Amino acid sequence: MNIRTADEKDFVDIIKIYNHAVDEKFATADTEPISLESRKEWFAQHSNATYPIYAAEENKEIIGWCSLSPHRPGRKALRKVAEISYYIHKDYRRKGVATKLIAYTIKQAKYLGFNNIISILLDMNKTSIYILEKFGFEKWGHLPNIAEIEGTICGQYIYGKRI
């Protein structure tokens, strides 16, 4: 497996992998698949120098990705905080891809000058809770009962790690 900075040719695969999570419910707060067009602005805010997207590839196929995004963009006091997000192709889960991607991204976040990384996730997402805690993230906040997916009410956790 190779990890590299994603580029524009990877965007279709990144969206496809994200939509796997949408279809499975409770891995994201999106309830309907997204389009490449709807994420153009999101991709535009991710530059290699500030908020990169990293792609894991195997045999030239994107099998997962991890991004650093701004937390509360424009608020200077929060410029050293990045939000981490990660999604793995459904056929490559439980094979260490997420572990390698997250470890790589944390290392790069330090190099990029971030002091804190946060993750915002649904409180029903036990898999992400497990992996974040494995990396030393702690629960920094809980927003109870704020999300509804197909009639199920759940909350969001904010997990954080000082790096």
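Scroll up for the structure.
To keep things clear, this report deals only with the structure shown in the data block. Since we're looking at a predicted model, the values are computed, not measured.

Rules and cut-offs
- Residues numbered from 1 in each chain as written.
- Predicted model: local features only at pLDDT ≥ 70, side-chain atom pairs only at ≥ 80, totals over all residues.
- Heavy atoms only, no water.
- Pairing = 2+ DSSP bridges.
- Helix = DSSP H or I, 4+ residues; strand = E, 2+ residues; numbered from the N terminus.
- Axes fitted to C-alpha atoms, helices over the stretch in contact; angles between N-to-C directions.
- Buried < 20%, exposed > 50% of the residue type's maximum accessible area, 1.4 Å probe, protein only.
- Lys, Arg positive; Asp, Glu negative; His and termini not counted.
- Salt bridge = Lys/Arg side-chain N within 4 Å of Asp/Glu carboxyl O.
- Polar contact = N/O pair within 3.5 Å; in protein donor to acceptor, adjacent residues only side chain to side chain.
- Contact = heavy atoms within 4.5 Å.
- Core = buried A, V, L, I, M, F, W, Y, C linked by side-chain atoms within 4.5 Å.
- 1 Å grid on protein atoms, 1.4 Å probe; cavity = no way out; pocket = protein on both sides within 12 Å on 5 of 7 lines; lining within 4 Å.
- Points joined across faces, edges and corners; volume = space filled by probe spheres on them.
- Nonpolar A, V, L, I, M, F, W, Y, C, P; charged D, E, K, R; others polar.

A few points about the sheet that holds strand β7 (residues 152–162)
Strand order in the open sheet formed by 7 strands is β1-β2-β3-β4-β5-β7-β6, and the pairing between neighbours is mixed. Strands at the two margins of the open sheet, each flanked by one partner only, are β1 (2–5) and β6 (138–149). Strand-to-strand twist in this sheet, taken as the mean axis angle between neighbours without regard to direction, amounts to 25°. Pairing geometry for β1 and strand β2 (residues 53–58), over 4 bridges, is antiparallel. Each bridged residue has a counterpart across the sheet, and for threonine 5 the counterpart in β2 is tyrosine 54.

Digging into the side chain of lysine 161
Tracing the backbone through its elements, the reader meets lysine 161 in strand β7. No salt bridge is formed by the buried lysine 161; its nearest oppositely charged neighbour, glutamate 138, is found at 8.9 Å. Of the polar contacts made by the side chain of lysine 161, one reaches the backbone oxygen of phenylalanine 135; its length is 2.8 Å. When neighbours within four sequence positions are excluded, lysine 161 is seen to be in contact with Ile106, Asn115, Asn116, Ile117, Phe135, Gly136, Phe137 and Trp140.

Considerations on the nonpolar core
Within the largest apolar cluster, 28 residues are counted, with the highest numbers of intra-cluster contacts made by Ile84, Tyr86, Val97, Leu101, Ile102, Phe137 and Tyr159. Elements that contribute at least two residues to this core include exactly β2, β3 (61–70), β4 (81–88), α3 (97–111), β5 (116–122), α4 (126–134) and β7. Top element by residues in this core is α3. It accounts for 6 residues. One finds Ala6, Ile15, Ile62 and Trp65 within the second-largest nonpolar core, a separate group that totals 16 residues.

Quick word on the layout of surface pockets
What the largest pocket holds in volume is close to 1000 Å³. In terms of lining residues, the largest pocket is bounded by 44 residues, among which Ala27, Tyr86, Tyr87, Asn125 and Ser128 are the most central. Taken together, the elements giving at least two residues each to the lining of the largest pocket come down to α1 (11–24), α2 (40–44), β3, β4, α3, β5 and α4. When its residues are assigned to classes, the lining of the largest pocket shows 24 nonpolar, 10 polar and 10 charged.

Purely spatial values, then, with no claim about function.
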